[in-house]
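# Chains, contacts and geometry: an overview
One-letter residues, chain by chain:
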Amino acid sequence: MIRLPLVLFFSAVLFSAGVYGVLARRNAVLVLMSIELMLNAVTLNLIAFSQMLGDLAGQVFGLFVIAVAAAEVGIGLAIVILIYRNRETINVDEVNLLKW
Amino acid sequence: MTGNEYAFVVLAVVGTVAAIRLVTAANVVHAALYLVITLSMVAAAYLLLAAEFIAWVQILIYVGAIVILFLFGLMLTKAPIGREVLDNQSRGVAVVVAVAILAGLVFLIQDAYAWDAAKIDPVPTSAAAVGQSIFSTYVLPFEVVSFLLLAALIGAIVLSRKDDQT
């Protein structure tokens with residue numbers, strides 16, 4: 001038996017750490033890693049509620065979140081490597097072509 | 001507090017410390033290794049919640065595949081060492097935003113669920129049950145995810161291909 005708020009607090013901490021990483025990091029690969037942290041927090045919540053309610057939907061959609069995260073990392077890293085090849089940098093501050 | 005809860009607290013503390021070290025690490029490879037620790041702790045949390053199939057999927061896909069992809073990404077792009085060059089100027093704002101989000105979430109959670117009221121009694125769910133659910137009730141989302149993975153595969157190939165022959 002595990003108290004639900006305990007799990008939710010853990011995932012809230014993971015999510016906040018991910019938010020900090022996305023906002024404070026400048027290296028694009030580290031930003032992607034922080035996004036993974038946030039996705040993990042979401043999946044943990046899905047599993048916790050799935051087990052509390054005895055409903056398999058949470059676990060199925062947790063699996064879908066993991067699959068989407070894998071696709072996101074593949075595409076994200078391809079874009080990062082493309083940017084590095086063209087501009088010799090992956091600082092997200094310097095990639096500002098579309099910025100106003 | 002039960003034994004399961006003590007185990008969960010321990011792995012939550014380890015995961016939290018690793019997550020914070022991940023977003024503050026000065027070396028990108030160390031950050032990837034901290035990511036491994038955090039993801040493993042989340043997988044252990046799934047095991048404690050008796051969701052074994054998704055725990056092993058987490059180990060296989062995240063720790064096995066995604067972290068390796070990250071390491072390849074770090075290998076192919078030159079990253080400097082040191083927090084000053086890896087972080088941008090708005091670190092203070094980022095701390096404020098992250099702490100505000102954490103405080104808001106903690107307030108909402110303890111507001112919605114009383115400490116002793118909401119308990120999880122983990123009933124072990126077999127991989128067979130999850131698979132049956134995917135392929136009967138959720139077969140349409142499953143096909144959508146398959147199509148997304150195919151599109152991501154083709155997209156990654158197209159993006160990273162050198163188009164010198166065109």
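Residues numbered from 1 in each chain as written. Chains lettered and ligands numbered in written order. Predicted model: local features only at pLDDT ≥ 70, side-chain atom pairs only at ≥ 80, totals over all residues.

### Focus: the overall build of chain B
Looking only at helices and strands, chain B has seven helices and one strand in total. Reading the secondary structure of chain B in the N-to-C direction produces α-α-α-α-α-β-α-α. What you see for chain B is a C-alpha radius of gyration of 20 Å, clearly larger than the 15 Å of a compact globule of 166 residues, by over 25%. If one aligns the C-alpha atoms of chain B with their principal axes, the spans along those axes are about 65 × 45 × 25 Å. Taking all 166 residues of chain B together, 25% fall into the buried category. (Helix = DSSP H or I, 4+ residues; strand = E, 2+ residues; numbered from the N terminus. Rg over C-alpha atoms; globule rule 2.2 N^0.38 Å. Buried ≥ 20, exposed ≤ 12 C-beta atoms within 10 Å, placed from the backbone.)

### Some points on the environment of Gly74(A)
In this structure, Gly74(A) sits in helix H3 (residues 57–87). Under the C-beta neighbour-count criterion, Gly74(A) is labelled buried, with 21 such atoms within 10 Å. Once residues within four sequence positions are removed from consideration, Gly74(A) is found in contact with Leu69(B), Ala152(B) and Ala156(B). (Contact = placed C-beta atoms within 7 Å.)

### A few points about the domain arrangement of chain B
The domain architecture assigned to chain B consists of domain 1 (3–125) and domain 2 (126–166). For domain 1 of chain B and domain 2 of chain B, the distance between their C-alpha centroids amounts to 25 Å. (Domains from an automatic or database assignment.)

### Some words on helix H3 (residues 52–76) of chain B
Taking 1.5 Å per residue, 25 residues should reach 36 Å; H3(B) reaches 35 Å between its end C-alpha atoms and fits that length. For H3(B), every residue scored as buried is listed here: Ile54(B), Ala55(B), Val57(B), Gln58(B), Tyr62(B), Ile66(B), Phe70(B), Gly73(B) and Leu74(B). Against helix H2 (28–53) and H3 of chain A together with helix H2 (28–48) of chain B lie the buried residues of H3(B). (Expected span 1.5 Å × (residues − 1).)

### Quick notes on the nonpolar core
Formed by 71 residues in total, the largest nonpolar core has its most connected members in Val29(A), Met33(A), Leu22(B), Ala31(B) and Tyr46(B). Mapped by element, the contributors of at least two residues to this core are helix H1 (4–24), H2 and H3 of chain A together with helix H1 (3–24), H2 and H3 of chain B. Leave out the neighbours within four places in its chain, and Leu22(B) touches Met33(A), Ala31(B), Tyr34(B), Leu35(B) and Thr38(B). (Core = buried A, V, L, I, M, F, W, Y, C linked by C-beta atoms within 7 Å.)

### Some words on the confidence of the model for chain A
Put simply, chain A has an average pLDDT of 90, and 100% of its residues get 70 or more. For chain A, strand E1 (residues 2–3) of chain A is the element with the lowest average pLDDT, namely 88, and H1(A) is the one with the highest, namely 94. (pLDDT = per-residue confidence, 0-100.)

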